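Analysis of the macromolecular model
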Protein chains: 2
Amino acid sequence: MLLSEKQLSLIEQIGIYHESNGMQPAPARIMGLLMVADSAELTFDEITEALNISKSATSNAINLLLQTNLIEYTTFSGDRKRYFKLKISSWREGFTRKIDDLTGFAVLLRQVSEIRKRENSSSNEDLKDCIGFLDFLHKKLPFILEEWDNRKA
Amino acid sequence: MLLSEKQLSLIEQIGIYHESNGMQPAPARIMGLLMVADSAELTFDEITEALNISKSATSNAINLLLQTNLIEYTTFSGDRKRYFKLKISSWREGFTRKIDDLTGFAVLLRQVSEIRKRENSSSNEDLKDCIGFLDFLHKKLPFILEEWDNRKA
DNA sequence: CCGTTAGTTCATAATTTACAGAACCAAAAT
DNA sequence: ATTTTGGTTCTGTAAATTATGAACTAACGG
């Protein structure tokens, strides 16, 4: 597989994006590669070669991405190779996960709200405010997705 | 300053949350401490002692948090100490930053869309879809915040 | 002007992470 | 039956990240 300068650059940028969201470098690059490659489906060896990483790095990274539901693979009878591709639904899941992450934080904030001793402090209001917004957002999310689906249709 | 078991536990949990969002351990704990402490405003030394970290760790962490606008401080005349507290607006900023982050990703995806050679592939549709959603979301954000403000009032 | 307070900066030590390379393994091909 | 393919697993290690402690500084206080 031959990658253009632009492709390589985008792989890095996408990689850095995912790194900044907590992903390890190798899996992050694989996400980039599967995104920009001319083919939607790549084999283990194609990934290893394209990114110039070791087989062990590829193995670990791929298994991590499979576990976190970001990629999947198909096989063809009479061909032992697995063909990896991005999971179509992953961007949608990724978005909801981002919001769910906030919701998890709201759970913590609620606990803080219960135990915190700050009589007549404005920070109590701020905290309730923040929790309220996170709740609001969580309830709103399905409607936002629905609105998007309707808009498309 | 004396912290209860529950407070210490919440500091850790909040710390881990912020770490998972890319923050370093020490600043992440400080965020937790300022959240759960009985007083909303803590001095440099109180932070150092409460978290059992060195002065340099405190110094670096505090400056990082100040730079990223997550905390602020007040002073009192005749008192050289700074009193650090969470920035009230920071949760709101934090949220918009999270969305802006997605928008930045959309910029990358647009570049992918331009150069990617995948004739008659369904993944092209998926990509356009994803970009479209991110745009939709970005435009929607101000209205969501507005709706929240109105709901409160 | 000497000591104390409230930090900052620097060198370095301690972890942690992430990867490479080699050994390994099971299924299929020869 | 043994070789090849398509990986996985297991150290070892280089690099990056974080924290420490000591030295430093600037401002104020007596």
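Residues numbered from 1 in each chain as written. Chains lettered and ligands numbered in written order. Predicted model: local features only at pLDDT ≥ 70, side-chain atom pairs only at ≥ 80, totals over all residues. Heavy atoms only, no water.

**Concerning the interface of chain A and chain B**
Taken together, the contact pairs 46 residues of chain A with 46 residues of chain B. Summed over the shared surface of chain A and chain B, the number is 6 salt bridges. In this structure, the salt-bridge partner of Asp-101 of chain B is Lys-98 of chain A, at a minimum N-O distance of 3.2 Å. Remark: the boundary between chain A and chain B carries 20 residue pairs in polar contact (both at pLDDT 80 or more). (Contact = heavy atoms within 4.5 Å. Salt bridge = Lys/Arg side-chain N within 4 Å of Asp/Glu carboxyl O. Polar contact = N/O pair within 3.5 Å; in protein donor to acceptor, adjacent residues only side chain to side chain.)

**Things to note about the protein's contact with DNA strand C**
The full set close to DNA strand C counts 17 residues, and Ser-54 of chain A together with Lys-55, Ser-59, Arg-80 and Arg-82 of chain B are the nearest of them. Taking all atoms of DNA strand C within 4 Å of the protein, the share assigned to sugar and phosphate is 56%. At a separation of 3.2 Å, a phosphate oxygen of DNA strand C approaches a polar side-chain atom of Gln-24 of chain A. The contact in question runs from a phosphate oxygen of DNA strand C to an N or O atom on the side chain of Arg-82 of chain B, over 2.8 Å. The dominant element in the surface near DNA strand C, judged by the number of residues it contributes, is helix 4 (residues 55-67) of chain B, at 4 residues. When grouped by side-chain class, the residues that make up the surface near DNA strand C number 5 nonpolar, 7 polar and 5 charged. (Near = heavy atom within 4 Å. Helix = DSSP H or I, 4+ residues; strand = E, 2+ residues; numbered from the N terminus. Nonpolar A, V, L, I, M, F, W, Y, C, P; charged D, E, K, R; others polar.)

**A closer look at helix 1 (residues 5-20) of chain A**
Structurally, the α-helix is built with 3.6 residues per turn, so residues lying three or four positions apart point the same way. Taking 1.5 Å per residue, 16 residues should reach 22 Å; helix 1 of chain A reaches 23 Å between its end C-alpha atoms and fits that length. Here the buried face of helix 1 of chain A lies against helix 2 (25-36), helix 3 (44-51) and helix 5 (90-115) of chain A together with helix 5 (90-115) of chain B. Positive backbone phi, at 95 degrees, marks Gly-22 of chain A, one or two positions downstream of helix 1 of chain A. (Expected span 1.5 Å × (residues − 1).)

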